[in-house]
Amino acid sequence: MVRTTPPLKGEAHGKEPSIVPLDSPYRCWAEIDLGALERNIKRIRAALPRGIQYLAVVKADAYGHGMAQTVARLMRSGADMFAVANMGEAAEILEIGSGWPILLLSAILPGEDRYLADYNVIATISTAEEVKRFSQVGKKAGKLIPVHLKIDTGMGRLGVWHEEAQALYETIRNNPHLKLEGIFTHFSSADSDREFTDHQRAIFIETLDKLQNLDRSRLLIHADNSAALESFIPGSSFNAVRVGLLQFGVRPYKRSFLANVKVEPVLSFHSRVGLVRNLPEGTGISYHRTHVLEKDSHLAVITAGYGDGLPLGASNSGKVIVGGQLCPILGRVTMDQTVVDITSLGKVQPGDPVTFIGRQEDAFIDVTDFCRWAGQISWEVFCSITKRVPRIYRTDSAV
Ligand SMILES: *Cc1c(COP(=O)(O)O)cnc(C)c1O
């Protein structure tokens, strides 16, 4: 298959906010290290058995990292295929480069059906009704619509229930307008319950074993997301993995598989000090006096809030790095501004950088710390960084 992508397309710089004086500093920004992304995917690939297809999951603007830049780098770093949530995301990938198969993970809306043929994306099938719809598209367009059959082994979301898989499998196989290219399942508890994951895996394997006339060599068989890689079984019939979070440098679990594989955080999240103040003991801070100063304090007002993706949940619980030191958030996070205690610090000035996620001198906040304070999960943290926040790309090569 011929694959084409301009070498640097979309990587030159981050999305600029719409109207901003060119030389003005960012008030809140995310730095995306594409070299780290490249090293991550290469290391994950190297740790997997040979011949395993790597489906890079890039839904939701590549987990908030920016579709164009992320996908362009993944195309040049070993991704075999992409997985997205909807047709718009598939179209974005096609704009970046052609030749990479794209799997649509979600249910397709009836109004979207016709794009299956136009974009040549791979549909996920869970029901006989979808077989009918997609086959009409294929018939009308005069081409085979590529599909993956999804089997529900205990996620309770998409997929045909495993006990009914044989019938749907036959229906797809016998349909002249569809081309079955893969079979997959999804784990519900890969980051929390190894036993249940093993149980789902066993059901999936058993279901595959029971399917009659199954030609495994011509199908992609996949189940593992980032967390499930822990229990990936080399040498089994699985020949593909679907990796999202791990390639962005976040481990969804603390346990062992791939523990020897180093992944680095790709994203860091920053803002600035807008104002520095002294306020006396007893002063209420932020809306509803959500914090009351217990002593005379030195405070910094940061130029970011929940309008940027610093969650309300971090009110009175989160920490940020100023001047290389962890400083507590005081009171409620507001839409555009957040107050932090810098009493223990030396000189802090308006304009100084503040870090929410990432490193500053010896201080480091990783996504897991941020999640604990914010009451969020890592996937959600990334998806919560808003459109107002420019993504700035480091385009260094991987080595
Ligand atoms: C999002 C998603 C993935 C990737 O999950 P990570 O935990 O981010 O690796 C894999 N498979 C499906 C079906 C998904 O929806």
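Basis of the calculations
Residues numbered from 1 in each chain as written. Predicted model: local features only at pLDDT ≥ 70, side-chain atom pairs only at ≥ 80, totals over all residues. Heavy atoms only, no water. Near = heavy atom within 4 Å. Polar contact = N/O pair within 3.5 Å; in protein donor to acceptor, adjacent residues only side chain to side chain. Areas by Shrake-Rupley, 256 points an atom, 1.4 Å probe, with all protein chains shown as cover. Nonpolar A, V, L, I, M, F, W, Y, C, P; charged D, E, K, R; others polar. Salt bridge = Lys/Arg side-chain N within 4 Å of Asp/Glu carboxyl O. Helix = DSSP H or I, 4+ residues; strand = E, 2+ residues; numbered from the N terminus. Pairing = 2+ DSSP bridges. Disulfide = S-S within 2.5 Å. Buried < 20%, exposed > 50% of the residue type's maximum accessible area, 1.4 Å probe, protein only. Domains from an automatic or database assignment. Contact = heavy atoms within 4.5 Å. Buried area = accessible area lost by both parts, 1.4 Å probe. Core = buried A, V, L, I, M, F, W, Y, C linked by side-chain atoms within 4.5 Å. Phe/Tyr/Trp six-rings, centres within 6.5 Å; stacked < 30°, edge-to-face > 60°. Right-handed = clockwise from strand over helix to strand, strands pointing away.

Participant: Outline the site of the ligand, listing residues and values.
Facilitator: The environment of the ligand is formed by 14 residues, the closest being Lys59, Tyr63, Ser226, Arg242 and Leu245. Ser226 is positioned with one of its side-chain polar atoms (N or O) 2.5 Å from an oxygen atom of the ligand. One nitrogen or oxygen atom from the side chain of Arg242 is found 2.8 Å from a nitrogen atom belonging to the ligand. Summarising the interface, the protein chains cover 93% of the accessible area of the ligand, which totals 390 Å² for the free molecule. Within the shell around the ligand, the residues separate by chemical class into six nonpolar, four polar and four charged.

Participant: Account for the pattern of salt bridges, with residues named and values stated.
Facilitator: This model, assessed by the stated rule, comprises 17 salt bridges. Put simply, Arg388 and Asp308 hold a salt bridge, and the shortest N to O gap is 2.9 Å. Here the residue Arg388 occupies a position in the loop between helix H10 (378-384) and strand E20 (391-394), and Asp308 occupies one in the loop between strand E14 (297-302) and strand E15 (319-322), the gap between them amounting to 80 residues. The network of salt bridges with shared partners includes Glu38, Lys42 and Arg73.

Participant: Go over the pairing of strand E11 (residues 267-279), please, and point to the residues and values.
Facilitator: Bridge analysis of strand E1 (residues 28-33) against E11 gives five bridges, and the strand direction is antiparallel. Paired with Glu31 across the two strands is Ser268, which belongs to E11. In this structure, E11 lies alongside strand E18 (residues 353-360), joined through four bridges in antiparallel fashion. Residue pairing across strands places His270 opposite Thr355, the latter belonging to E18. Where E11 and E14 come together, six bridges link them in antiparallel fashion. Counterpart to Val273 in the pairing with E14 is Ile302.

Participant: Lay out the state of the cysteines in plain terms, naming residues and giving numbers.
Facilitator: A complete count under the given rule lists zero disulfides for this structure. Unpaired in this structure, Cys371 has its nearest cysteine sulfur neighbour in Cys383, at a distance of 12 Å. Looking at Cys371, the relative accessible area reads 10%, which means it is buried. Looking at Cys383, the relative accessible area reads 48%, which means it is partly exposed.

Participant: Run through the domain arrangement of the protein, naming residues and quoting values.
Facilitator: We note that the domain assignment places domain 1 (48-248) and domain 2 (267-394) within the protein. Using C-alpha coordinates to define each centre, domain 1 is positioned 39 Å away from domain 2. Each partner contributes to the interface: domain 1 provides eight residues, whereas domain 2 provides seven residues. For the pair domain 1 and domain 2, the summed buried area comes to about 830 Å², and 65% of that belongs to carbon and sulfur atoms. Interface area lost by domain 1 to domain 2 is led by Tyr63, His65 and Leu245, which between them contribute 55%. On the surface where domain 1 and domain 2 come into contact, there are zero salt bridges. Linking domain 1 with domain 2 are three residue pairs in polar contact (both at pLDDT 80 or more), by the criterion used here. Tallied by class, residues from the side of domain 1 that touches domain 2 come to three nonpolar, four polar and one charged.

Participant: Hey, could you go over the environment of His65 for me, with residue numbers and the actual values?
Facilitator: Relative to the elements of secondary structure, His65 occurs in the loop between helix H2 (59-63) and helix H3 (67-75). Distance in space between the C-alpha atoms of His65 and Val322 is 24 Å, their sequence separation being 257 residues. His65 has contacts with Ile32, Thr70, Phe248, Val266, Leu267, Phe382, Arg391 and Tyr393, leaving out every residue within four places of it along the chain. Of note is the side chain of His65, whose polar atom sits 2.8 Å from the backbone oxygen of Tyr63.

Participant: So what about the nonpolar core? Which residues, and what values?
Facilitator: Val58, Phe82, Ile183, Val322 and Phe356 are the most contacted members of the largest nonpolar core, which has 115 residues in total. Among all residues touching Val322, those that are not within four sequence positions of it are Val273, Cys327, Val340, Ile342, Leu345, Val348, Pro353, Val354 and Gln360. Counting residues in hydrophobic clusters, the runner-up holds six residues, among them Leu279, Leu293, Leu299 and Val339.

Participant: Outline the environment of Ser126, supporting the account with residue identities and numerical values.
Facilitator: Looking at where Ser126 falls in the secondary structure, it is placed in the loop between strand E5 (123-125) and helix H6 (128-141). Judged by its relative accessible area of 11%, Ser126 falls in the buried class. Ser126 sits 33 residues away from Gly159 along the chain, and the two C-alpha atoms are 4.2 Å apart. Filtering out sequence-adjacent residues up to four positions away, Ser126 remains in contact with Leu158, Gly159, Val160 and Leu168. Here Gly159 takes part through its backbone nitrogen, which lies 2.9 Å from a polar atom of the side chain of Ser126.

Participant: Go over the side chain of Thr207 with me, naming the residues and quoting the values.
Facilitator: In this structure, Thr207 sits in helix H8 (residues 194-210). Of note is the side chain of Thr207, whose polar atom sits 2.6 Å from the backbone oxygen of Ile203. Once residues lying within four places of it in the same chain are set aside, the contact partners of Thr207 are Ile151, His162 and Ala165.

Participant: Residue-level account of the packing of aromatic side chains, with values.
Facilitator: Overall, the coordinates contain four aromatic pairs when judged by the stated rule. When the ring of Phe204 is compared with that of Phe238, the centres are 5.6 Å apart and the planes differ by 40°; the resulting orientation is tilted. Linking Phe204 in helix H8 with Phe238 in the loop between strand E9 (220-222) and strand E10 (240-243), this pair joins segments that are 34 residues apart in sequence.

Participant: Any chance you could break down the pairing of strand E3 (residues 81-84) for me, citing the residues and the numbers?
Facilitator: Side chains of E3 alternate between two faces, with Met81 and Ala83 and Phe82 and Val84 buried alike. The pairing of E3 with strand E4 (residues 102-104) spans three bridges and is classified as parallel. Residue pairing across strands places Phe82 opposite Ile102, the latter belonging to E4. Crossover E3 to E4 through helix H4 (residues 87-96) is right-handed.

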